[in-house]
Amino acid sequence: MYDKLKGIVGESSILSEEQVVAYTFDGYVPKAVVLPTSVQEMQEVLQFAVTQGLSVMPAGAGTKLGIGNLPQKVDVVLATPRLNSVVEYEPADLTVTVEAGIRLRDLQTELAQHRQYLVLNPPYADRCTIGGIVATNASGSCRLRHGTARNQVLGLRVVRADGTVVKSGGKVVKNVAGYDLNKLYIGAFGTLGIITEITLKLSPIPVRQAILTADFQGVQDAADTGLDIVSSQTLPMFVNLFVNSDPTPAETEVPVDENKPMLVVGFGGDPETVAWQLTQCQGIMEQKGAIGVTIIEGESLQYLQEAVQEFSADKKNAERVVAKLNLKRTDLAEFAAQIVGANWTSDVQIMALLGSGVLYVTIPLAADTDYQSLANMLTQLRQTAMSKQGNLIIEVAPPELKRHIDVWGSAEGTLSLMKQIKAKFDPDGLLNPGRFVSSI
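Just so it is clear, the structure is predicted and the values come from calculations on it, not from any experiment. (Residues numbered from 1 in each chain as written. Predicted model: local features only at pLDDT ≥ 70, side-chain atom pairs only at ≥ 80, totals over all residues. Heavy atoms only, no water.)

Q: Hey, could you go over the layout of surface pockets for me, with residue numbers and the actual values?
A: Its volume calculated, the second largest pocket comes out at about 910 Å³. Residue lining of the second largest pocket: 33 residues in total, with Gln108, Tyr117, Asn121, Gln305 and Gln309 positioned closest to the centre. The element best represented in the lining of the second largest pocket is helix α10 (residues 298-309), accounting for six residues. (1 Å grid on protein atoms, 1.4 Å probe; cavity = no way out; pocket = protein on both sides within 12 Å on 5 of 7 lines; lining within 4 Å. Points joined across faces, edges and corners; volume = space filled by probe spheres on them. Helix = DSSP H or I, 4+ residues; strand = E, 2+ residues; numbered from the N terminus.)

Rendered as structure tokens:
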């Protein structure tokens with residue numbers, strides 16, 4: 001296998017045993033990690049994998065390889081870091097086309113020269129690639145104002161499992177009629193094809209940005225206040241609730257009590273508008289009994305933005321579980337209180353995106369964690385969420401826990417349709433086998 005892959009991409013495009021560790025996940029070590037330098041090389045690797053019956057794990061920088069169930073087998077990781085160029089950039093049109101392996105950080109640096117940016121702030125900001133963001137539909141807190149990755153993508157170029165290159169969408173908004181195939185690939189975790197090129201919508205960088213923070217006596221008070229802000233005319237960028245967690249920088253003169261829930265509300269726009277937004281939002285907070293309402297700007301603003309963005313990122317130096325619940329906005333406070341009051345292995349931390357109905361919970365793990373008991377508790381929480389028309393996905397977990405629980409939960413009535421789509425796009429089941437919903 002190695003000799004054939006070397007003949008396709010060259011020895012320098014196959015990682016050494018020491019380098020493969022960056023793409024090792026859940027205790028599985030890939031037989032080979034290949035970094036193609038062209039779409040043609042990617043096609044040939046996939047065609048070779050089909051003939052040999054090798055599984056292929058698509059990857060960017062590897063930040064999200066840990067998401068998903070345990071794989072059936074791990075043969076080849078096909079990574080895109082060397083496909084990292086800006087293909088076409090039209091500042092006047094507020095669009096850009098990039099290769100999938102370009103890092104978000106590098107793209108933002110390029111766009112900033114024209115006072116523009118991509119309004120997505122998913123975790124792993126320094127390392128994650130645009131292809132990985134789109135393949136997993138990672139978005140971040142700014143989804144409240146601008147939507148998820150699905151809302152930012154105009155067009156895609158994808159290599160199917162058999163090496164065929166297909167294109168969907170285009171380079172302008174609403175430029176095509178018929179089936180929106182973009183949406184099918186976005187969030188499919190590379191199970192239907194490997195994204196190689198993406199066309200994105202851009203936005204002007206706000207002239208002024210500021211964040212309001214405030215503590216509250218109870219979770220329900222904080223959540224109700226946040227929902228009032230969401231439904232007000234202030235149009236915040238994000239409204240996040242933190243429980244058992246303090247995201248503010250230590251040097252700020254913010255009166256903080258980690259036992260009290262905290263609201264963090266972000267704004268961005270022209271200076272006059274942001275000034276009005278801050279005044280209105282502060283008024284809502286104070287009317288609702290907020291404690292220590294504080295405006296944060298400058299260097300402290302950047303620190304806080306990063307803390308919010310990286311809340312759910314996998315911390316390599318600490319074993320923990322990160323679960324993501326999708327709920328009705330009015331149910332977030334109830335679930336947050338239920339989680340904090342539950343008998344977990346250790347203190348949990350919560351960040352809720354109040355405007356989007358998303359709740360992240362991080363659970364630190366002890367050396368003697370009973371993974372079966374933890375799986376039972378997560379299953380019970382998932383069942384409660386489902387009874388409220390929500391769901392629970394486990395985004396970060398050690399393999400010991402994955403052996404006791406499906407990280408995605410039940411697909412219920414959609415599983416048959418998903419299997420049919422998978423069979424059409426990847427008939428040999430070579431792309432990410434076993435790792436997606438219901439071990440597809």
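Now, onward.
Q: Got a sec to walk through the sheet that holds strand β1 (residues 32-34)? Specific residues and values, please.
A: The sheet built from three strands is open, its strands ordered β1-β3-β2 with parallel pairing. Looking along the sheet, the strands with just one partner apiece sit at the ends: β1 and β2 (56-59). When the angles between neighbouring strand axes are averaged without regard to direction, this sheet yields 20°. Alignment of β1 against strand β3 (residues 76-79), held across three bridges, turns out to be parallel. (Pairing = 2+ DSSP bridges. Axes fitted to C-alpha atoms, helices over the stretch in contact; angles between N-to-C directions.)

Q: So, the packing of aromatic side chains: which residues are in play, and what are the values?
A: The tally for this structure, following the rule as stated, stands at five aromatic pairs. When the centroid spacing of 5.9 Å and the interplanar angle of 80° are considered together, the rings of Tyr185 and Phe425 count as edge-to-face. Residue Tyr185 is located in helix α7 (residues 181-185), and its partner Phe425 is located in helix α14 (residues 415-425); the two are separated by 240 residues in the primary sequence. Note on accessibility: Tyr185 and Phe425 belong to one class, buried. Between Phe242 and Phe311 the ring centres are 5.9 Å apart and the planes differ by 80°, which places this aromatic pair in the edge-to-face class. (Phe/Tyr/Trp six-rings, centres within 6.5 Å; stacked < 30°, edge-to-face > 60°. Buried < 20%, exposed > 50% of the residue type's maximum accessible area, 1.4 Å probe, protein only.)

Q: So, the pairing of strand β12 (residues 238-243): which residues are in play, and what are the values?
A: Counting buried positions along β12 yields six of six residues, so the element is predominantly enclosed. Of the pairings in the sheet, the one linking β12 to strand β13 (residues 262-269) comprises five bridges and is antiparallel in character. By the bridge assignment for β13, Asn240 is matched with Val264. Both β12 and strand β16 (residues 349-353) contribute to a ladder of four bridges, which runs antiparallel. Bridged to Val243 within β16 is Ile350.

Q: I'd like a description of the environment of Thr279, backed by residues and values.
A: Topologically, Thr279 is positioned in helix α9 (residues 271-287). Residue classification places Thr279 among the exposed positions, given a relative accessible area of 52%.

Q: Give me empty space enclosed by the protein: which residues, what numbers.
A: It is a probe the size of a water molecule, rolled over the atoms, that shows where empty space is left. All chains considered together, the criterion is met by two cavities of 30 Å³ or more. By volume, the largest cavity is sized at about 310 Å³. As for the largest cavity, its lining consists of 25 residues, of which Pro58, Ala59, Gly60, Gly132 and Ala135 are closest to the centre. It is helix α4 (residues 130-136) that provides the largest number of residues to the lining of the largest cavity, a total of five residues. Of the residues belonging to the lining of the largest cavity, the class tally is 12 nonpolar, 11 polar and two charged. In terms of lining residues, the second largest cavity is bounded by Ile67, Gly68, Phe189, Thr191, Asn432, Arg435 and Phe436. Residues that form the lining of the second largest cavity fall into these classes: three nonpolar, three polar and one charged. (Nonpolar A, V, L, I, M, F, W, Y, C, P; charged D, E, K, R; others polar.)

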